[in-house]
Amino acid sequence: MTRYVLTLEDNADFEPWREMARAALQRAVLPEALDWRIRGGETDLFGQITDNGDGLEALTAVPVVKTVTLRASCLALLRDMLCHSDPARFALAYRIAWRVQGNPHLPEVATDADIARARQMVRQNRQDCHKMMAFVRFREQPVPQREGQGGERRRFLAWFEPQHHILERIAPFFAKRFTDMDWIILTPRGSICWDGKDLAYSSEPCEQPELDDGFGELWDTYYASTFNPARVRTKAMRREMPGRYWKNLPETRLIPQLVAGAEVRVRTMAEQELQPAPAFHERLRSREQLPAEPMLDTTETLEGLAAQIRTCTACPLHCSATQAVVGEGPADARIMVVGEQPGDQEDLAGRPFVGPAGQLLHKALGEAGVDRGALYLTNAVKHFRFRLQGRRRIHQSPDVGHVAACRPWLEQEIALVRPKLIVSLGATALRALDGPGMAMADVRGTSWTVGTGENAVRRLALAHPSWLLRLGEGAQGNAERRNFSKGLTRLREFLDQPGT
Ligand code: SF4
């Protein structure tokens, strides 16, 4: 039996293999007569096969004896499996293509050993694609300034270690998802690059670059604040993030210390749940004596206002929340920051901005050089709105009716504090302060003046930190966090201006 050596690149995809397989099938070459090799890979185990130079050339010198067709479903299976990294994949694919000639329904036979292995490879390729979608972390790179040119697109770089040759397969996903920025993903199996118009692919192996865009600390703060110690499943984390992903993710270095403190935090949380909520009971006791509308007439101080807010029953939100969360800060603060509503932790603590979003805000304020103690922090709605999912309370945005019912309290806070700059965080606060006419997408990051003369108040609209947290660490999240930080520097500039 004449044997042929067919050599392919390690990252060869479907087409080069298809050309060789078609030539062999047309000449009725048995699978055993083909030695599929990877260029630069290991040689034949026994070193007995003669490489005829170009195996394909030797093969095509043999006369064609038949025409060959493969069903679309078989081609799809072979196409999907051939980006696997198993060196035996080319031989397996040919064996299947050969056997299909005598049994067109072979690809549907799940119990066949060849088909089972091919399907397993397809599954592993998909898992690898899924991991890449989940674990690629872009880092922004400086854009060189060219004289007389503006509007340069932002550039991002990422490092990832795929297990299989999936780059060309996964590239369209990233191009579609991150279309408004330039990016390069480097891997040991090649690289993909997007410039806004074209996707370029290179099979040249890359070395891991140094990646730092200065946002590492902010990401750590976000990750640590959203880490739920009651749901720690280290085995599942390890299973989902084996070594090659684990070592390249920025947050994994935090996990050991977070896990170490998880038991204590869970115990603290359990103890907190057992604590009574005095303000809630106070409110229940006083509900019957209170009018259903906010009482505003006798409030002269923030303390008096807070006492009234704590007993408010003007909308249904007071029924399920633990307590009203009132504003906090100096009575003569020059800047008031208005969020949406208290979250789960604020509801339990009775203080605004102490949960994950608040921690992100504090961190960003610190980085912008703004003293939190100089700000009056409050929310557009004073009671926590949520829905129950098992024992968990899941945040729900207040609706228009809740915002309208609570607006008198916000107006009263503004009238007492008389801030010169009011910062709205998110769409709910924007609507509470400016009515429904403004769209968050139009005004985010901008400022304007309301009123004239002594009554003039500057307004600044920023994203809500909880939205930034939900965006995660992708490119959009990084971009919006950067815009948020930039917006907060205006607070420092405002505080630095005398007489504002
Ligand atoms: Fe009153 Fe506002 Fe609470 Fe509704 S959310 S009960 S209006 S304080």
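Here is a short report on the structure shown in this document. Quick caveat: nothing in here was measured; it's all calculated off a predicted structure.

Let us look at the overall build of the protein. A count of helical and extended segments in the protein gives 21 helices and 14 strands. Looking at the protein residue by residue over its 500 residues, the buried ones come to 44%. The contacts in the protein between residues at least 6 apart in sequence include a share of 72% that link residues at least 24 apart. Of the roughly 25800 Å² of accessible surface on the protein, a fraction of 51% belongs to carbon and sulfur atoms.

As a further point, take the sheet that holds strand β5 (residues 182–187). Strand order in the open sheet formed by five strands is β3-β4-β5-β6-β7, and the pairing between neighbours is mixed. What marks the edges here is a single partner per strand, and that holds for β3 (139–141) and β7 (199–202). Along the sheet, successive strands turn relative to each other by an average axial angle of 20°, direction set aside. In terms of strand pairing, β5 meets strand β6 (residues 190–194) through five bridges, oriented antiparallel. When the bridges of β6 are listed, W183 appears paired with W194. Packed on one face of the sheet, helix α6 (residues 167–177) meets β5, β6 and β7 and runs near 25° to β6.

Moving on: empty space enclosed by the protein. With the rule as written, the count across this model stands at three cavities of 30 Å³ or more. Looking at the largest cavity, its volume works out to about 100 Å³. As for the largest cavity, its lining consists of 13 residues, of which C312, C315, H383, C406 and W409 are closest to the centre. Put simply, the parts of the chain that give the lining of the largest cavity at least two residues each are α14 (317–320) and α17 (400–417). Ranked by the residues each element gives to the lining of the largest cavity, the list is headed by α17, at four residues. Within the lining of the largest cavity, the residues separate by chemical class into nine nonpolar, three polar and one charged.

By the definition in use, this model includes 19 salt bridges. In this structure, R18 engages E15 in a salt bridge whose closest nitrogen and oxygen atoms are separated by 3.5 Å. Placement of the pair is R18 and E15 together in helix α1 (residues 14–26), with a separation of three residues, close to one helical turn. Since its relative accessible area comes to 43%, E15 is described here as partly exposed. With a closest N to O distance of 3.8 Å, K363 and E367 form a salt bridge.

Looking now at the site of the ligand. Surveying the vicinity of the ligand reveals the residues C312, A314, C315, H318, V381, K382, H383, A405, C406 and W409. The cavity that encloses the ligand is the largest cavity. Sorting elements by how many residues they give to the shell around the ligand places α17 first, with three residues. Among the residues forming the shell around the ligand, the class breakdown is seven nonpolar, two polar and one charged.

A few words now on the pairing of β5. Across the six residues of β5, five count as buried, placing the element largely inside the fold. Two elements, strand β4 (residues 155–159) and β5, share five bridges in a ladder whose sense is parallel. Residue R155 lies in a different strand from β5, and its bridge partner there is D182. Chirality of the crossover, the property in question, places the unit of β4, α6 and β5 among those that are right-handed. Joining the antiparallel neighbours β5 and β6 is a turn of two residues.

Each value, and the rule that gives it
- Residues numbered from 1 in each chain as written.
- Predicted model: local features only at pLDDT ≥ 70, side-chain atom pairs only at ≥ 80, totals over all residues.
- Heavy atoms only, no water.
- Helix = DSSP H or I, 4+ residues; strand = E, 2+ residues; numbered from the N terminus.
- Buried < 20%, exposed > 50% of the residue type's maximum accessible area, 1.4 Å probe, protein only.
- Contact = heavy atoms within 4.5 Å.
- Areas by Shrake-Rupley, 256 points an atom, 1.4 Å probe, with all protein chains shown as cover.
- Pairing = 2+ DSSP bridges.
- Axes fitted to C-alpha atoms, helices over the stretch in contact; angles between N-to-C directions.
- 1 Å grid on protein atoms, 1.4 Å probe; cavity = no way out; pocket = protein on both sides within 12 Å on 5 of 7 lines; lining within 4 Å.
- Points joined across faces, edges and corners; volume = space filled by probe spheres on them.
- Nonpolar A, V, L, I, M, F, W, Y, C, P; charged D, E, K, R; others polar.
- Salt bridge = Lys/Arg side-chain N within 4 Å of Asp/Glu carboxyl O.
- Near = heavy atom within 4 Å.
- Sits in = over half its atoms within 2 Å of the grid points.
- Right-handed = clockwise from strand over helix to strand, strands pointing away.

In short, the description is geometric, and any link to function would need to be established separately.
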